[in-house]
Structures are given as C-alpha cells and as structure tokens.
Amino acid sequence: MTDDVNARIDEKVKASEVLLFMKGSPLFPQCGFSSRAVSILQHLGVEFDSVDVLQDQGIRQGIKAYSDWPTIPQLYVHGEFVGGSDIMMEMYESGELATLLKAEAGTEG
C-alpha cells in the first residue's frame, strides 16, 4: 500500500511544474498555512496545481514520508521539494521564490 501511495505522489509531483499539497483547495483553503501558501503563489502570478490532502488520507500521510517533511502545505517546483509555508514566506520575502518560479517556468520578468 505504501508503495502505491508513493507512486501516486511521485506521478503527481512529476506531472506538474508547480504543485502544492495543501489542506483544502486554492479557492477554499482549510488551514491558515495552506491559505498563506496559496496567497504567495497567487501574488507571484504563478499557475500551479494543487492536491487536497484532506480528500485522501493515504496521500496526507504519504506526502510527509515522501518529502521527509512533517507538515502540510508542501510546495514542489519542477519535481523538487521546496518547503512548507514558512520557507515559502522566507523565500518570497527575499525574492528567491520568484526567481525560482520564473526560472522553472522558463519565463523572464
């Protein structure tokens, strides 16, 4: 079962340029940290996909093992784990997140 969950997570991570595992959806985040993560990405004007971990307990637990990161939300850019909401905020404030997302999207700005 764990391998199946890992495979599903891996497939989702690799299928999206920018992917946010979160509680709820971008329109209706179900926790403050997920809400902050969505706000950061929206403020940067980034298109992103999301996975609502509340809809799938296997993914909710599995993503923590997959990334070796204990909390949700989790941001992945081009298949690489970036971090949770606090790291996203720090990277956003320093300009590092915008640079990373622009580089991965292949756009200049």
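Conventions we followed
- Numbers given for residues are sequential positions, taken from 1 along each chain in its written order.
- The model is predicted, so local features are restricted to residues of pLDDT at least 70 and side-chain atom pairs to those at 80 or more, both for listing and for counting; the totals for chains, interfaces and linings are taken over all residues.
- Neither water nor hydrogens contribute to the side-chain values; these are computed over all heavy atoms in the structure.
- Whether two aromatic rings pair depends on their centres lying within 6.5 Å, for rings of Phe, Tyr and Trp, where Trp uses its six-membered ring; planes under 30 degrees apart make the pair stacked, over 60 edge-to-face, and the rest tilted.
- A run of H or I in DSSP becomes a helix once it reaches four residues, and a run of E becomes a strand once it reaches two; helices and strands are each numbered from the N terminus.
- Throughout, exposure labels follow a simple rule: accessible area from a 1.4 Å probe, protein chains only, divided by the maximum for the residue type, with under 20% read as buried, over 50% as exposed, and the rest as partly exposed.
- Among buried residues, the Ala, Val, Leu, Ile, Met, Phe, Trp, Tyr and Cys ones that are joined through side-chain atoms within 4.5 Å form a nonpolar core.
- Any two residues whose heavy atoms approach within 4.5 Å are treated as being in contact.

1. A word on the packing of aromatic side chains
Item 1. On inspection of all chains with the given rule, the structure shows four aromatic pairs.
Item 2. Between Phe21 and Tyr76 the ring centres are 5.7 Å apart and the planes differ by 75 degrees, which places this aromatic pair in the edge-to-face class. Residue Phe21 is found in strand β1 (residues 18-22), and its partner Tyr76 is found in strand β3 (residues 74-77); the two are separated by 55 residues along the sequence.
Item 3. The buried category is assigned to Phe21, whose relative accessible area is 0%.
Item 4. A residue is classified by how much of its surface remains accessible, and Tyr76, at 2% relative accessible area, is buried.
Item 5. Their ring planes at 55 degrees and their centres at 5.5 Å tell us that Trp69 and Phe81 sit as a pair that is tilted. Here the residue Trp69 occupies a position in the loop between α3 (57-67) and β3, and Phe81 occupies one in strand β4 (residues 80-83), the gap between them amounting to 12 residues.
Item 6. Exposure remark for Trp69: the relative accessible area of 27% places this residue in the partly exposed category.
Item 7. Residue Phe81 is classed as partly exposed on the basis of its relative accessible area of 28%.
Item 8. Put simply, the rings of Phe21, Tyr66, Trp69, Tyr76 and Phe81 touch in pairs and so form one group of aromatic residues.

2. Quick look at the nonpolar core
Item 1. Grouped together as the largest cluster of nonpolar side chains are 16 residues, with contacts concentrated most on Leu20, Leu41, Leu75, Met88, Leu97 and Leu101.
Item 2. If you list the elements that add at least two residues to this core, you get β1, α2 (32-43), β3, α4 (85-94) and α5 (96-105).
Item 3. Counting residues per element, this core draws most heavily on α2, which supplies four residues.
Item 4. Once residues within four sequence positions are removed from consideration, Met88 is found in contact with Leu20, Ala37, Ile40, Leu41, Leu75, Gly83 and Leu97.

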